[in-house]
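Spelled out from the first residue to the last, the chains are:
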Amino acid sequence: MNNHLDYNNFGQRTVLTIYAHADDEVLPAAGTLSLMSKAGWNVLCLILTDGSLSSSSIKGTRHQEADAAGKIIGANYEFHALEECNFSTQAVIKVAEEAIGRWHPDLIITHAPQPEKYGHRDHEVCAIAVSNVATRKNIPLWYSAPPVFLRDFEPNFFVDITSVIQEKVAAIGCYESEANKAFMQLDAILILSRFWARELGHKDGYFEAFEISRQWVDASFFTAIANSNKQVIKQDWLGI
Ligand SMILES: [Zn+2]
């Protein structure tokens, strides 16, 4: 398994997202996942619960909605049936370890850890458990922005999703059973995406924000820099 993320290698890579509920993945990351898919990444979205306790009473609807969203952003879905508002970190760790064993992801994306009073209890449990597994298995991990209550979220990595903003909106629109929620409204989605652009000093465009939990470079990174510096120094020295 690759234990660091090589942004310069465009070979087949796998990103595994692990979220508590279907729709958690598209709100913060649909644009980024779509760009990854277009760049040849294998995009897998693991959903811990099947939506039977959500606002939609029709079991199976969330699966269909997720599949429709997946077609737009180029992702495949895997549903698990942990009990909403009642699953344990141990249960998530088991599911995550099994999925990692099957898919060998180069990158994992999950919820940002949030104190329970601000976020959904399931998001917090998922974040803690997935962080635990990714750390032990030495897999790069990104936390995505919470849909509301951004307290304690400290983004340090931003993806320009301007070219795929319509796909993000369309993917979110697939979740018709959740359409009445405030943070699912089109203006809220665009405003938050534009907010991240403004954080970066861009007047226009749309971005998604992540907090990179763990990332490292190996020695070859510094060798490459040293070699390129050497060339520059040599050229200067020779007056070229
Ligand atoms: Zn959720």
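Residues numbered from 1 in each chain as written. Predicted model: local features only at pLDDT ≥ 70, side-chain atom pairs only at ≥ 80, totals over all residues.

The protein appears in an unreviewed UniProt entry as PIG-L family deacetylase from Desmonostoc muscorum LEGE 12446.

Draft legend 1. Structural view of the overall build of the protein. When its secondary structure is counted, the protein shows 7 helices and 7 strands. Starting at the N terminus and walking to the C terminus, you meet the elements of the protein as β-α-β-α-β-α-β-α-β-β-α-α-β-α. (Helix = DSSP H or I, 4+ residues; strand = E, 2+ residues; numbered from the N terminus.)

Draft legend 2. Molecular detail of helix α3 (residues 89–103). Helix length check: α3, at 15 residues, gives a terminal C-alpha distance of 21 Å against a target of 21 Å (1.5 Å per residue), a fit within 8%. Turning to α3, its buried residues number three or more, namely Val-92, Val-95, Ala-96 and Ile-100. Considered in projection along α3, the buried side chains sweep an arc of 135° and stay on one side of the axis. Opposite the buried face of α3, by more than 90 degrees, sit the exposed residues Gln-90, Glu-98, Gly-101 and Arg-102. Of the surrounding elements, those touching the buried residues of α3 are β1 (14–19) and α4 (121–137). His-104 sits one or two residues past α3 and shows a positive phi near 50°. (Expected span 1.5 Å × (residues − 1). Buried ≥ 20, exposed ≤ 12 C-beta atoms within 10 Å, placed from the backbone. Arc of directions from axis to C-beta. Contact = placed C-beta atoms within 7 Å.)

Draft legend 3. View of the environment of Ile-165. For Ile-165, the location among the structural elements is in helix α5 (residues 165–173). With 21 C-beta atoms counted inside 10 Å, the residue Ile-165 sits in the buried group. Distance in space between the C-alpha atoms of Ile-165 and Ser-34 is 9.7 Å, their sequence separation being 131 residues. Among all residues touching Ile-165, those that are not within four sequence positions of it are Gly-31, Ser-193 and Tyr-206.

Draft legend 4. Broad picture of α5. Taken together, the buried positions of α5 are occupied by Ile-165, Glu-167, Lys-168, Ala-171 and Ile-172. Down the axis of α5, the sector holding all buried residues measures 160°, keeping them to one side. Buried positions along α5 lie against α1 (26–38), α2 (61–73) and α6 (186–199).

Draft legend 5. Representation of the sheet that holds strand β6 (residues 157–160) in the model. Read from one edge to the other, the open sheet built from 7 strands follows the order β3-β2-β1-β4-β5-β7-β6, with strand pairing classed as mixed. Each having just a single partner strand, β3 (75–79) and β6 make up the two edges of the open sheet. Between one strand axis and the next, the sheet turns by 30° as a mean value, whatever way the strands run. As defined by bridge partners, β1 adjoins strand β2 (residues 42–47) across 6 bridges and the pair is classed as parallel. Among the inter-strand pairings, Ile-18 is bridged to a residue of β2, identified as Leu-46. Each of β1, β2 and β3 is contacted by α3, which is oriented at about 165° to β1, the strand it contacts most. Here α4 sits on the sheet in contact with β1, β4 (107–111), β5 (141–144) and β7 (207–214), set at roughly 155° to β4. (Pairing = 2+ DSSP bridges. Axes fitted to C-alpha atoms, helices over the stretch in contact; angles between N-to-C directions.)

Draft legend 6. Layout of the packing of α3 against α4. Between α3 and α4, the shortest axis-to-axis distance is 9 Å and the interhelical angle comes to 45°. When the axis of α3 is compared with that of α4, the two are oblique. Taken as a pair, α3 and α4 cross one another with a handedness that is right-handed. Touching Thr-89, Val-92, Ile-93, Ala-96, Glu-97 and Ile-100 of α3 are Val-125, Cys-126, Ile-128, Ala-129, Val-130, Asn-132, Val-133 and Lys-137, all from α4. Residues of the contact of α3 with α4, tallied by class, amount to 10 nonpolar, 2 polar and 2 charged. (Parallel < 35°, antiparallel > 145°, perpendicular 65-115°, else oblique. Left-handed = near helix turned anticlockwise from the far one by under 90°. Nonpolar A, V, L, I, M, F, W, Y, C, P; charged D, E, K, R; others polar.)

Draft legend 7. How the structure looks around the pairing of β4. Counting buried positions over the 5 residues of β4 gives 4, a clear majority of the element. Two elements, β1 and β4, share 4 bridges in a ladder whose sense is parallel. Residue pairing across strands places Leu-16 opposite Ile-108, the latter belonging to β4. Both β4 and β5 contribute to a ladder of 4 bridges, which runs parallel. Counterpart to Ile-108 in the pairing with β5 is Leu-141.

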